[in-house]
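Here is how the chains run, residue by residue.
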Amino acid sequence: MSGARDVTILGLGYVGFPITLMLAKAGLDVAGVDIDRAKMDAFAKGECPINEPQLQDIFDDVLEKGSLSFLDTPGPSDAFLIAVPTPIHPVKKAADLHALQSACESIVPHLRPGNLVIVNSTIPLMCCRTVVKPILEKSGLELGKDIDLCYCPERLYPGNIAHEIVHNDHIVGGYTAKAAERAAALYGNFVKGALLQTDDLTAEFCKLIENTYRDVNIALANELDLIAGRFDTDIGHAIDLANRHPRVNLLKPGIGVGGHCLPIDPWFIAEMAPEESILISAARRRNDSMPGNIAARIRRAVKDNRNARIGCAGVTYKPDVNDERESPAWEIIEELQGEGYDVRIYDPVMGHGEYRDFEHFVSDADVIVSLVEHAVIREELDRKPSYLDGKRVLRF
Ligand SMILES: NC(=O)c1ccc[n+]([C@@H]2O[C@H](COP(=O)([O-])OP(=O)(O)OC[C@H]3O[C@@H](n4cnc5c(N)ncnc54)[C@H](O)[C@@H]3O)[C@@H](O)[C@H]2O)c1
């Protein structure tokens, strides 16, 4: 198609930008579109706004190659890939699809026969068929005949995105078998993992099942932890022993579940099948209840003394990533602060807090609460340095 780019990516975040880089690195003519002005300004200056290993180096190479451009709005393209946010409505617990709908609408004027549209964002069941399809067909083109649609969800581990996006197996769910083949061919430009072709609905299900599996299993561990608390027994020790059973593999309890995926994705199943999703909804509620339970445990540890200096270490949603989205640690901290407790914060990965190192932080607290154990915090606590002598330490 003359004048058309090979691929246009809409949404240049944690998911869309690395895919953009990999496609451009593979030699395709790629355009990136994002509505965030500050992000686009950073890209224009050659700065990668996502703090992930290797991404800046790949960005530098790609810019030198000249195969990547940034556009304020999409233009003609052989393929469009949509990786915009799909958050959840905090009260309704239903997907907020405004960004997805708006991204789909923005490509409608540019759709031509033969185009391939790939949805990469995490979406509720049936979303390709009931939300995306009617918007794309406003172009007058028929899905499956004139244009192809494929759902290709992403499974990334923040902190290792550049590696995982290439080496993980990818699910490629076509509205038709031809759409899956075309999307697999496009991903084959950079993916070294398997490209597992299926239909769009199965692919939607797979993505949601993966994170629901994790969420439900974490909820079980958390619930067992709460039960153990009633009997004042050590759940970590009990789980270690139970896991010696050859077919048992319990996860570790924690302070709750955060990030952009696990606290959200199970609701995308429950939203579409509320009557059946009893366990899934209960697990979500159990994990959501954990910050409140942990805050109560901290209050008990300081005997409700609001003058006690509570040192909270780690605020990210999981260890060793600089991402605070949906972080249960912040929920705990904000609950305690809201009740007038004196909370000191230290996070060497996020750069939060006024302390030059862990020892300095410990010296300024009466009780140390390790909420998110980044490697540097864990190593220091395991080392049991003398400056911790006499300090009460709670580890989660
Ligand atoms: N971050 C992860 O680890 C991860 C993993 C798997 C799946 N996902 C899913 O991938 C999707 C994207 O997540 P993310 O973490 O990259 O989000 P993000 O917030 O980092 O990036 C999304 C980008 O889309 C842009 N955007 C919003 N509306 C737009 C529009 N109409 N046109 C163009 N750009 C637009 C935003 O400005 C933002 O820069 C979500 O559905 C998420 O659930 C994320």
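Residues numbered from 1 in each chain as written. Predicted model: local features only at pLDDT ≥ 70, side-chain atom pairs only at ≥ 80, totals over all residues. Heavy atoms only, no water.

Novice: Would you take a moment to explain the pairing of strand β6 (residues 148–151) for this structure?
Specialist: Of the two faces of β6, both are covered, the one formed by D148 and C150 as well as the one formed by L149 and Y151. Taken together, the four bridges between strand β5 (residues 116–119) and β6 define a ladder with parallel strand orientation. Residue I118 lies in a different strand from β6, and its bridge partner there is C150. As for the winding sense of the linkage, the β-α-β connection from β5 through helix α5 (residues 127–136) to β6 is right-handed. (Buried < 20%, exposed > 50% of the residue type's maximum accessible area, 1.4 Å probe, protein only. Helix = DSSP H or I, 4+ residues; strand = E, 2+ residues; numbered from the N terminus. Pairing = 2+ DSSP bridges. Right-handed = clockwise from strand over helix to strand, strands pointing away.)

Novice: Any chance you could explain unusual backbone geometry here in plain terms?
Specialist: Trans is the prevailing form of peptide bonds, just as negative phi is the prevailing case for residues other than glycine. In this structure, D320 takes a positive phi of about 65° despite not being glycine. Relative to the assigned elements, D320 resides in the loop between β9 (309–313) and α12 (328–338). You will see that K384, though not glycine, has its phi angle at about 50°, which is positive. Mapped onto the fold, K384 is located in the loop between α14 (375–383) and β12 (392–395). A relative accessible area of 65% means that K384 is categorised as exposed.

Novice: What exactly am I supposed to notice about helix α3 (residues 55–65) here?
Specialist: Structural remark: α-helix, 3.6 residues per turn; residues separated by three or four positions point the same way. When α3 is considered as a whole, its buried residues turn out to be L55, I58, F59 and V62. Along the axis of α3, the buried residues cluster in a sector spanning 100°; they form a single face. Exposed residues on α3 whose side chains face more than 90 degrees from its buried face are D57 and E64. Of the surrounding elements, those touching the buried residues of α3 are α1 (16–25), α2 (37–44), β3 (68–71) and α6 (161–167). Where α3 terminates, the next one or two residues include G66, which has phi positive at roughly 80°. (Arc of directions from axis to C-beta. Contact = heavy atoms within 4.5 Å.)

Novice: Any chance you could explain the environment of A26 here in plain terms?
Specialist: You can see A26 is positioned in the loop between α1 and β2 (30–33). C-alpha separation for the pair A26 and F190, spaced 164 residues apart in sequence, amounts to 6.4 Å.

Novice: Got a minute to help me understand a negative patch on the surface in this structure?
Specialist: Together, D57, D60, D61 and E64 make up a region of like negative charge exposed at the surface. Examined against the element boundaries, E64 turns out to sit in helix α3. (Patch = residues over 30% accessible without salt bridge, like charges linked within 9 Å, V, L, I, M, F, W, Y side chains within 5 Å. Areas by Shrake-Rupley, 256 points an atom, 1.4 Å probe, with all protein chains shown as cover. Salt bridge = Lys/Arg side-chain N within 4 Å of Asp/Glu carboxyl O. Lys, Arg positive; Asp, Glu negative; His and termini not counted. Charge placed at Lys NZ, Arg CZ, Asp CG, Glu CD.)

Novice: What is the right way to look at the site of the ligand in this model?
Specialist: Around the ligand sit 25 residues, and of these V15, D34, K39, T86 and T122 come closest. For the ligand, an oxygen atom lies 2.6 Å from a polar atom in the side chain of T86. Contacts to the ligand include S102, whose side-chain N or O atom sits 3.3 Å from a nitrogen atom. For the ligand, the accessible surface in isolation is 830 Å², of which the surrounding protein chains cover 91%. Considering every element that reaches the shell around the ligand, the biggest residue donor is helix α4 (residues 98–107), with three residues. The residue inventory of the shell around the ligand, partitioned by class, reads 12 nonpolar, seven polar and six charged. (Near = heavy atom within 4 Å. Polar contact = N/O pair within 3.5 Å; in protein donor to acceptor, adjacent residues only side chain to side chain. Nonpolar A, V, L, I, M, F, W, Y, C, P; charged D, E, K, R; others polar.)

Novice: Is there a simple way to explain α2 in this structure?
Specialist: Taken residue by residue, α2 has M40, A42 and F43 as its buried positions. Within α2, the buried residues cover an arc of 155° as seen down the axis, which keeps them to one side. Exposed positions of α2 whose direction lies more than 90 degrees from the buried face are A38 and A44. Against the buried residues of α2 lie α1, β2, α3 and β3. Its side-chain oxygen 3.0 Å from the backbone nitrogen of A38, D36 forms the N-cap of α2.

Novice: Hey, could you run me through the packing of aromatic side chains in this one?
Specialist: Aromatic ring pairs are reported here in terms of the distance separating the ring centres and the angle at which the planes meet. This structure, assessed with the given rule, holds 10 aromatic pairs. Ring centres 4.9 Å apart and planes at 0° place the aromatic pair F43 and F70 in the stacked group. Pair noted here: F43 is in helix α2 and F70 is in strand β3, with a separation of 27 residues, a long-range link. The partly exposed category is assigned to F70, whose relative accessible area is 23%. Here F358 and F361 contribute two aromatic rings whose centre-to-centre distance is 5.8 Å and whose plane-to-plane angle is 35°, an arrangement assigned as tilted. Taken together, the residues F358 and F361, both in helix α13 (residues 358–363) and three residues apart, mark about one turn of the helix. As far as burial versus exposure is concerned, F358 and F361 are alike and both buried. Three or more aromatic residues joined by ring pairs form one cluster here, namely F17, F43, F59 and F70. (Phe/Tyr/Trp six-rings, centres within 6.5 Å; stacked < 30°, edge-to-face > 60°.)

Novice: What is the right way to look at the packing of helix α11 (residues 278–301) against α12 in this model?
Specialist: Pairs of packed helices are described in terms of their axes, by the angle between the two and the distance that separates them. Packing of α11 against α12 leaves a shortest axis separation of 9 Å and a crossing angle of 50°. Our classification of the angle between α11 and α12 gives oblique. When you trace α11 past α12, the crossing you get is right-handed. On α12, the residues that touch P291, G292, I294, A295, I298 and R299 of α11 are P328, E331, I332, E335 and L336. Grouping the constituent residues of the contact of α11 with α12 by class yields seven nonpolar, one polar and three charged. (Axes fitted to C-alpha atoms, helices over the stretch in contact; angles between N-to-C directions. Parallel < 35°, antiparallel > 145°, perpendicular 65-115°, else oblique. Left-handed = near helix turned anticlockwise from the far one by under 90°.)

Geometric descriptors of this kind do not, in isolation, establish any biological role.
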